[in-house]
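# Residue-level structural notes
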Amino acid sequence: MKTNLKNLLRNGTLACAVALLALGTGCATGQPTATATDKNDITAIDILLEPDVTMNQHATAVNERLLKVFPKGFSLDASHRPHITLVQRFVLTENLDKVYAAVGQVFASNNVTGLKLEAFKYYYIPVKDLGISGIVIKPTPELLKLEQQVVDAVTPFAVKTGTSKAFVTGDVPEVLPGLITYVSEFVPKSSGEHFHPHVTTGLAPREYLDQMLAEPFEDFTFSPAGAAVYHLGHYGTAAKKLHQFDLKP
């Protein structure tokens, strides 16, 4: 995976699109400057829902299928967990416990595991001859309400932007500027009426993905099995779990 990551990052256009993992966002040409005094004290986070076995099985099956036609893609593994992003933000590291507490109150006041979500189609983000594939989820009123409540809960602790040091980077120390811009602008450009719930499933040639999208899609329902805060990594992936919420019916 490390070799693939380095190779993909050399291709700025491809890596930017992989990093964004959402529709309608372009690459930036420069890296914003963090607003906090010490840039090392900023963490890029993803507050997300962890899907149940049903969605995980579908996402894994698609991922395995794509890897057979494009082995240089990425696997759904410990650093690429299937998930539904609710919000991505930069926050002061010292305020993470406050974020957990505020967001925890939102989850405690909602029956998160009781949500019935419907997956209804595939999609992909075109990047030259390749595409980033995903399973699209219908944005129900209950899911939209939960997403907005989480956005509101984390907003008091958010800072405008950060640097590569805010991410999990491993042996590739710099994330692409486009990823930093995406997280900085998640609210409002990817939240609220622009919220696009989906589970990313992998990378493959567009020609193959076009064939896959033309196939009949069997809608299926699933529910969230958990909720967590993750430290963001390359590609905008959920790279490291920071906090697990205790969800109760």
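Refer to the structure printed above.
One structure accompanies this document, and this report is about it. (Residues numbered from 1 in each chain as written. Predicted model: local features only at pLDDT ≥ 70, side-chain atom pairs only at ≥ 80, totals over all residues. Heavy atoms only, no water.)

### Points about the environment of Lys138
Going by this rule: Note on conventions: DSSP H or I runs of at least 4 residues are helices, E runs of at least 2 residues are strands, and numbering of each starts at the N terminus. The classification of residues rests on relative accessible area computed with a 1.4 Å probe and restricted to protein chains. Under 20% of the type maximum is buried, over 50% is exposed, and intermediate values are partly exposed. By definition in these notes, contact holds between two residues if any of their heavy atoms fall within 4.5 Å.
With respect to the helices and strands, Lys138 occurs in the loop between strand E4 (130-137) and helix H5 (141-154). With a relative accessible area of 34%, Lys138 lands in the partly exposed category. Along the sequence, Lys138 and Glu118 sit 20 residues apart, while their C-alpha atoms lie 5.7 Å from each other. If sequence neighbours within four positions are ignored, Lys138 has contacts with Glu118, Phe120 and Leu143.

### With respect to the sheet that holds strand E2 (residues 84-92)
Spelled out, the test is: What makes two strands pair is DSSP finding at least two bridges between them. Axis lines are fitted through C-alpha atoms, for helices just across the contact stretch, and the angle between N-to-C directions can take any value from 0 to 180 degrees.
Spatially, the five strands line up as an open sheet ordered E5-E2-E1-E8-E9, and their pairing is antiparallel. Both outer strands of the open sheet, strand E5 (158-159) and strand E9 (238-244), are each paired with one neighbouring strand and no more. The sheet contact formed by strand E1 (residues 42-51) and E2 spans eight bridges and is antiparallel. Each residue of the ladder has a partner; that of Leu48, found in E2, is Thr85. Across the sheet, helix H6 (residues 177-184) is in contact with E2 and strand E8 (224-232); its angle to E2 comes to roughly 95°.

### Some remarks on unusual backbone geometry
Pro188 follows Val187 through a cis peptide bond whose omega is 15°. Summarising the element assignment, Pro188 is placed in helix H7 (residues 186-189).

### Side note on the packing of helix H4 (residues 96-108) against H5
Under the convention used in this document: Any angle between 65 and 115 degrees counts as roughly perpendicular, while under 35 counts as roughly parallel, over 145 as roughly antiparallel, and the rest as oblique. Put simply, a crossing is left-handed when the front helix is turned counterclockwise from the back one by less than a right angle, and right-handed when it is turned clockwise. Note on residue categories: nonpolar means Ala, Val, Leu, Ile, Met, Phe, Trp, Tyr, Cys or Pro, charged means Asp, Glu, Lys or Arg, and polar means any other residue, Gly included.
At a minimum axis separation of 9 Å, H4 and H5 run at an interaxial angle of 155°. When the axes of H4 and H5 are compared, the pair comes out roughly antiparallel. Judged by the twist between their axes, the crossing of H4 over H5 is right-handed. Of the residues in H5, those touching H4 at Val99, Ala102, Val103, Val106 and Phe107 are Leu146, Gln149, Val150, Ala153 and Val154. When its residues are assigned to classes, the contact of H4 with H5 shows nine nonpolar, one polar and no charged.

### Observations regarding the packing of helix H3 (residues 53-69) against helix H8 (residues 206-214)
Describing two packed helices takes the angle between their axes plus the distance from one axis to the other. Packing of H3 against H8 leaves a shortest axis separation of 11 Å and a crossing angle of 145°. Our pair here, H3 against H8, has a crossing hand that is right-handed. Here H3 contributes Val62, Arg65, Leu66 and Val69 to the contact with H8, which in turn contributes Tyr208, Leu209 and Met212. A breakdown of the residues in the contact of H3 with H8 according to their chemical character gives six nonpolar, no polar and one charged.

### Focus: H8
Because an α-helix completes one turn every 3.6 residues, residues spaced three or four positions apart along the sequence face the same direction. Applied cut-off: The arc in question is the one traced by the directions running from the helix axis out to the C-beta atoms.
Among the residues of H8, Tyr208, Leu209 and Met212 are the ones counted as buried. Projected down its long axis, H8 shows its buried positions confined to an angular sector of 95°, all on one face. Residues of H8 that are exposed and point over 90 degrees away from its buried face: Glu207 and Ala214. Buried residues in H8 make contact with H3, strand E3 (117-127), E4 and strand E6 (198-205).

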